[in-house]
Each structure stands twice: as C-alpha cells, then as structure tokens.
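Close look at the chain arrangement
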Amino acid sequence: MNIVNPASAEIIATVNEDDSKSLAHKYLLLKSGQVAWASKSLDERIAVIEKFYQLLDEEKEQLAPVLTAEVGKPLQQSKNEINGARARIRWMLDHAVQYLSDETVVNAPDLKEVISYDPLGVICNISAWNYPYLVGVNVFVPALLAGNAVMYKPSEYATLTGLEIEKLLKKAGVPDDVFKVAIGAKETGEHLLYMNFNGYFFTGSYQTGKYIYERVAPKMVPCQLELGGKDPLYVTDDVKDIAGIAAGTADGAFYNNGQSCCSVERIYVHEKVYDAYVDAFVKEVKSWKIGSPTEDGVYIGALIRKEQLSLLENQVKDAMQKDAILQAGGKAIDRKGNYFEPTVLTNVNHSMKVMQEESFGPIIGIMKVKDDQEAVKLMQDTAYGLTSSVYSENMERAREILSQIDSGTGYWNCCDRVSAGLPWSGRKHSGIGATLSHQGLRAFTKPKGWHLRG
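Please read these numbers as outputs of a predicted model, since none were measured by experiment. (Residues numbered from 1 in each chain as written. Predicted model: local features only at pLDDT ≥ 70, side-chain atom pairs only at ≥ 80, totals over all residues. Heavy atoms only, no water.)

1. With respect to the environment of V282
- Mapped onto the elements of the fold, V282 is located in helix 10 (residues 274-286).
- On a C-alpha basis, the gap between V282 and S39 in space is 57 Å, while along the polypeptide they are 243 residues apart. (Helix = DSSP H or I, 4+ residues; strand = E, 2+ residues; numbered from the N terminus.)

2. Regarding unusual backbone geometry
- Of note, the phi angle at L436 is positive, near 65°, even though the residue is not glycine.
- Within the secondary structure, L436 is located in the loop between strand 19 (434-435) and helix 14 (437-442).
- Unusually for a residue other than glycine, S437 sits at a positive phi of about 60°.
- With respect to the secondary-structure elements, S437 resides in helix 14.

3. A closer look at the packing of helix 5 (residues 132-145) against helix 6 (residues 159-172)
- The interhelical angle for the contact between helix 5 and helix 6, taken along N-to-C directions, is 35°, at an axis separation of 12 Å. When you trace helix 5 past helix 6, the crossing you get is right-handed. The residues of helix 6 that touch helix 5, namely those facing P132, Y133, F140 and L144, are T161, E164, I165 and L169.
- A class-by-class count of the residues in the contact of helix 5 with helix 6 yields six nonpolar, one polar and one charged. (Axes fitted to C-alpha atoms, helices over the stretch in contact; angles between N-to-C directions. Left-handed = near helix turned anticlockwise from the far one by under 90°. Contact = heavy atoms within 4.5 Å. Nonpolar A, V, L, I, M, F, W, Y, C, P; charged D, E, K, R; others polar.)

4. As for helix 11 (residues 307-321)
- Helix length check: helix 11 (15 residues) gives 22 Å between terminal C-alpha atoms against 21 Å at 1.5 Å per residue, within 8%.
- All buried positions along helix 11 are accounted for by Q308, L309, L312, Q315, V316, D318 and A319.
- The secondary structure elements touched by the buried residues of helix 11 are strand 13 (343-346) and strand 14 (363-369).
- Phi for D323, located one or two positions after helix 11, is positive at around 80°. (Expected span 1.5 Å × (residues − 1). Buried < 20%, exposed > 50% of the residue type's maximum accessible area, 1.4 Å probe, protein only.)

5. Thoughts on helix 9 (residues 242-254)
- With 13 residues, helix 9 extends 18 Å between its outermost C-alpha atoms, agreeing within 8% with the 18 Å of an ideal straight helix rising 1.5 Å per residue.
- Restricting attention to buried positions, one finds in helix 9 the residues I242, I245, A246, T249, A250, G252, A253 and F254.
- Here the buried face of helix 9 lies against strand 10 (231-235), strand 11 (264-270), helix 10, strand 13, strand 14 and strand 15 (387-391).
- Of the residues flanking the end of helix 9, it is N256, one or two places downstream, whose phi is positive at about 55°.

6. Structural notes on the packing of aromatic side chains
- In this structure the tally under the stated criterion is 15 aromatic pairs.
- Considering the side-chain rings of F140 and F179, the 5.6 Å spacing of their centres and the 70° angle between planes classify their relative orientation as edge-to-face. Of this pair, F140 sits in helix 5 while F179 is found in strand 7 (residues 179-181), placing the two residues 39 residues apart along the sequence. In this structure, F140 and F179 share a single accessibility class: buried.
- In this structure an aromatic cluster arises from ring pairing among F254, Y255, Y277, F281, W288 and Y299.
- We note R86 situated over the ring of Y53; from NZ or CZ to the ring centre the distance is 4.0 Å.
- Over the face of the ring belonging to Y53 we find R90, whose NZ or CZ atom lies 4.9 Å from the ring centre. (Phe/Tyr/Trp six-rings, centres within 6.5 Å; stacked < 30°, edge-to-face > 60°. Lys NZ or Arg CZ within 6 Å of the ring centre and 35° of its normal.)

7. A few points about the pattern of salt bridges
- A full pass over the atoms with the stated rule returns 26 salt bridges.
- In this structure, K60 engages D57 in a salt bridge whose closest nitrogen and oxygen atoms are separated by 3.7 Å.
- Look at D57 and you get partly exposed, because its relative accessible area is 36%.
- A salt bridge links D406 to R427, with the shortest nitrogen-to-oxygen separation between them at 3.0 Å. Here R427 lies in the loop between strand 17 (424-425) and strand 18 (431-432) and D406 lies in the loop between helix 13 (395-402) and strand 16 (409-412), a separation of 21 residues in the sequence.
- Look at D406 and you get partly exposed, because its relative accessible area is 30%. (Salt bridge = Lys/Arg side-chain N within 4 Å of Asp/Glu carboxyl O.)

Below, the structure is given as structure tokens:
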C-alpha cells in the first residue's frame, strides 16, 4: 500500500497490508497477552502510560513532520494535536485510580457491596485520519489503562502515524502482545469485523459506522461509534465584540481545513448583527495564508483525501444554482496536491447541500435569522447531533437555546473544542456511546457486582 503526501501527491512510503492470516496471528497474540496485562496492578499500567505521555513530548519534533507529511495539516497544527493528546492523557492518568478501582457502595458490619470494573478483553479500535493522535488516545489509552489489549487500525491515510504510536507505546513498556497495529484500508477493516473481539470502537463517517454497527450487532459486544456532524452555531443580537467573534468562529469552521468532527458546519446570525458579522468573517478568512503545510505561517494546508475536492465543488455548485452568494473561495486550487480555497457562502437556505450534508472541508454557509426561535428550528433541522454553539452576552439565554438542541455537546461563547473531563458523545447519526470523562474510562470495562457477607 502506497502512502501519498496529500500536499505534493508524491509517494512517501510503501507498507505491507495485513491479510486475514496475519490479523488472525496478531489477534491470538493479543488474546494471550491481555491476560498478563490485566493481571498487572492499575498502578503498573498507569506507570507505563505515564512514560508514553512523556515520550510524546520528547519526540514531538520527530512525530509532527510524519503526521504533516501524510495528512497535509500545517506543521504547527500537528504539534498542537500532539500537545492536545498529551493533555487528554494527563487527565486520564490523574483520574484512572478514581474511576477504574473497585467501588464500595455498601460497607455495613455484615455486608459489603462492591462494584469492580473488569476489562472487556481484546478490543478493536478502528480509528480516523483527521486527528490520529487526538482520536486515538480517546480509545486506546483508557482501554490499556483498564487492562485491555488493543488491535489498533489507523486509517490508511494515517498509517505512518499509527506505526509511530505503536513504536512509542512499546518503548514506554506496553508489551508486544498487548497492542498491535492492523495495516490496510477497507479490506483490512472487513477482516476485523469477522473476528471475535470483545468490543469495537470506531471513529469516522455515519455510513461506515452504521455498516460496522450492523455487522457487529450479532456478536453482542459493546460497539461505540463517534461519527460525523453538521454542527450549528448561532450568533445572537446582543453580542458586542463582533469582529472577535467572527475571527473565533471562522477558526472554529476552518481549523484543520474544516476536517474536524466538531467543526462548525452551519452558521446562523441574528439579522441585527448579520452584515457586520459577515464582513468581519470574510475579512478574517481572506487574511489566511494558504500553501504547503511545511511553510511558516500557513493556516490552510492540503485536504487529506482527493475525493473531497469534488464533493466541495458540488456543494458550491448546488448552492450557487439556488441563489447563494459566494463571498470567498469556491474552487479547488490549481496546484499539485489536494488544495481547496476557504469558501464562504451567504444567502443560503436549507434546500442547499452545504446546509444539510456534512462538508468536512473548508466551506461554510452563513444564514440570516430573525430571532432565537427561528435559529433553534434551523439548528435542529439535521440528522446529526454532535455539538452546537451559541454566542451571546447572556448565559441563561444561551443555555435556554442550547437545551432545545439535541446534541451531545453544547458550547456557550466557544466552539470546536473538546475537554477530557467531559463526555464526548454524539446523538442521532453522530454516534452512540461516549469517550472521555469518567464515562469514557469506564467504557472499556464491564461492571461486576459483589455481594460480600461475613
């Protein structure tokens, strides 16, 4: 399998894909190794992950260029991703004892009632290409802490980073038979679905997630899905710093080229501040440097997948045919690699694909609304439910609006952010289950009730 640099269209590496035989061998090793790993104390497993946490920092300058070369994001954003992954690991390390240790719920003289949190066993982690470190640590770190073995399948677009993660985990002290990388594309993923894992954890598109869920269901094992979104953002009429909000929300829509699960994908603005907001938003977008992700100061690098260029062009064409106004961008950039102009559309409505279908690229539609009620109705008009955002001077007003939106995360005066202490979960077509927070630590366990009389 060739690994292609999306910024230059050049082949940067060639790797051997796993087949059913090699995957079966890896699975048997993991099944054997998991028993010994689970028998270690929680403190011992924490010490190993602590070393991994340190190594990510020590080797960041070597890891970031590998990530940039295969996914196309600016080098500084690759470093930011590794730093963000370390912050999440830090929270997990600091809270693992609290949430993974046995929990006593009754402690009477003649009776103890205790909950133990036992590992699932050998889990399959089918991961994503947009944030290999951030998305990856959400799953394999708590899984390892809880005593599981992990078959980790990085996206075929982030294979080299997956191999770097494996190398660092082994260097940190994770045994060779506790973490294995499954290399390959769709066919490799298909093989994994036939195997007898004790849990499946997937990050990716709704279509693929639905397929995995249907295939895994007869196994009757946990199957968590972090899927796509069409995340809405609403700017109310009471905001004061319009320029600052426009700049911040533009970053929320276009950071990592809009290739984030929680990227802002639809913006609604109260009619009283609409014109000023659009002017400031477009000015911000036009100020960004576009170019090779290894150049200093570049904000918009290359898209990971070439196929995304035609999807974005189709969304622009559809919107323009329905009377949208193109304020910036609108087309692929004529150069080697997968580049698309950061694109802003106004005079949009919900008959347009750009306001209904996931874009996952540097494109946004901005729609004028007359009041909060119209904003809520439009924000709710989606099959997805990952995040939603409201910018307002009044927290109670924002919370009232957000309480009416069926999403796993609500943001007041911020967007496109994830906190390790809060559950990361989607509703409707955005997924099922949760990572992060104490729920994310315990997602990789099966509780057992102990009735102890004496």
